[in-house]
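Commentary on secondary and tertiary structure
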Amino acid sequence: QVQLVESGGGLVQAGGSLRLSCAASGSILRVNAMCWYRQVPGKQRELVATITKSGSTNYLDSVKGRFTISRDNAKNTVYLQMNSLKPEDTAVYYCVAALVVNLYYSDVDYWGQGTQVTVSS
């Protein structure tokens, strides 16, 4: 059984930092791109950051210069370092990994359970 387990969310004051982690486990043949989304109730889900298997990254404009996505391929883990947090960063953050779990199929997106990040003003 393949699963993504997230950790690291919580409550922080504006200007503070948090580091999210997401580990993929199970019968995984390969991990391709990994990314972080965030969702606020009543608002559209946002793609926050993406990292390819080779390490190329892409960010939502509003988090550029404050958030850093990274990964440890040996541990099938992706991280999101969030600095200079703002109240508008408050959301549930989800990690997504494109996983190859079967030799006969291309990768499939798997989602983590979500972790709440709350930034107080």
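All figures in this text were calculated on a predicted structure; none of them were measured in a lab.

Parameters and conventions
Residues numbered from 1 in each chain as written. Predicted model: local features only at pLDDT ≥ 70, side-chain atom pairs only at ≥ 80, totals over all residues. Heavy atoms only, no water. Phe/Tyr/Trp six-rings, centres within 6.5 Å; stacked < 30°, edge-to-face > 60°. Helix = DSSP H or I, 4+ residues; strand = E, 2+ residues; numbered from the N terminus. Buried < 20%, exposed > 50% of the residue type's maximum accessible area, 1.4 Å probe, protein only. Pairing = 2+ DSSP bridges. Disulfide = S-S within 2.5 Å. Polar contact = N/O pair within 3.5 Å; in protein donor to acceptor, adjacent residues only side chain to side chain. Core = buried A, V, L, I, M, F, W, Y, C linked by side-chain atoms within 4.5 Å. Axes fitted to C-alpha atoms, helices over the stretch in contact; angles between N-to-C directions.

Overview of the packing of aromatic side chains
Across all of its chains, the model carries two aromatic pairs by this definition. A ring pair is formed by Tyr94 and Trp111, whose centres lie 6.1 Å apart and whose planes are at 65°; its orientation type is edge-to-face. With Tyr94 in strand β9 (residues 91–100) and Trp111 in strand β10 (residues 108–111), this residue pair connects regions lying 17 residues apart in the sequence. Look at Tyr94 and you get partly exposed, because its relative accessible area is 22%. Its relative accessible area of 36% is what places Trp111 among the partly exposed residues.

A closer look at the pairing of strand β7 (residues 67–72)
Only one face of β7 is covered, namely the one carrying Phe67, Ile69 and Arg71; the face carrying Thr68, Ser70 and Asp72 has none of its residues buried. In this structure, β7 lies alongside strand β8 (residues 77–82), joined through six bridges in antiparallel fashion. Residue pairing across strands places Arg71 opposite Val78, the latter belonging to β8.

Focus: the state of the cysteines
Disulfides are covalent bonds that link the sulfur atoms of two cysteine residues. Applying the stated criterion to the full structure yields one disulfide. Here Cys35 stays free of any disulfide, with the sulfur of Cys95 as its closest cysteine sulfur at 8.4 Å. A residue is classified by how much of its surface remains accessible, and Cys35, at 11% relative accessible area, is buried.

Describing the side chain of Thr115
Mapped onto the secondary structure, Thr115 falls in strand β11 (residues 115–120). In this structure the side chain of Thr115 is engaged in a polar contact, spanning 3.3 Å, whose partner is the backbone nitrogen of Gly9.

Here's the deal with the nonpolar core
Membership of the largest hydrophobic core comes to 28 residues, with the highest contact counts inside it found for Trp36, Leu80, Met82 and Tyr93. Counting only elements with at least two residues in this core, the list comes to β3 (18–25), β4 (30–39), β5 (46–51), β7, β8, β9 and β11. The greatest single-element share of this core, amounting to five residues, is contributed by β9.

What to know about the sheet that holds strand β1 (residues 3–7)
Taking strand neighbours across the sheet as the criterion, the four strands line up as β1-β3-β8-β7 in an open arrangement whose pairing is antiparallel. The sheet is open, and its two edges are formed by β1 and β7, each paired on a single side. On average, each strand axis in the sheet is inclined to that of its neighbour by 15°, with strand direction left out of account. The sheet contact formed by β3 and β8 spans six bridges and is antiparallel. Note on β8: the bridge partner recorded for Arg19 is Gln81.

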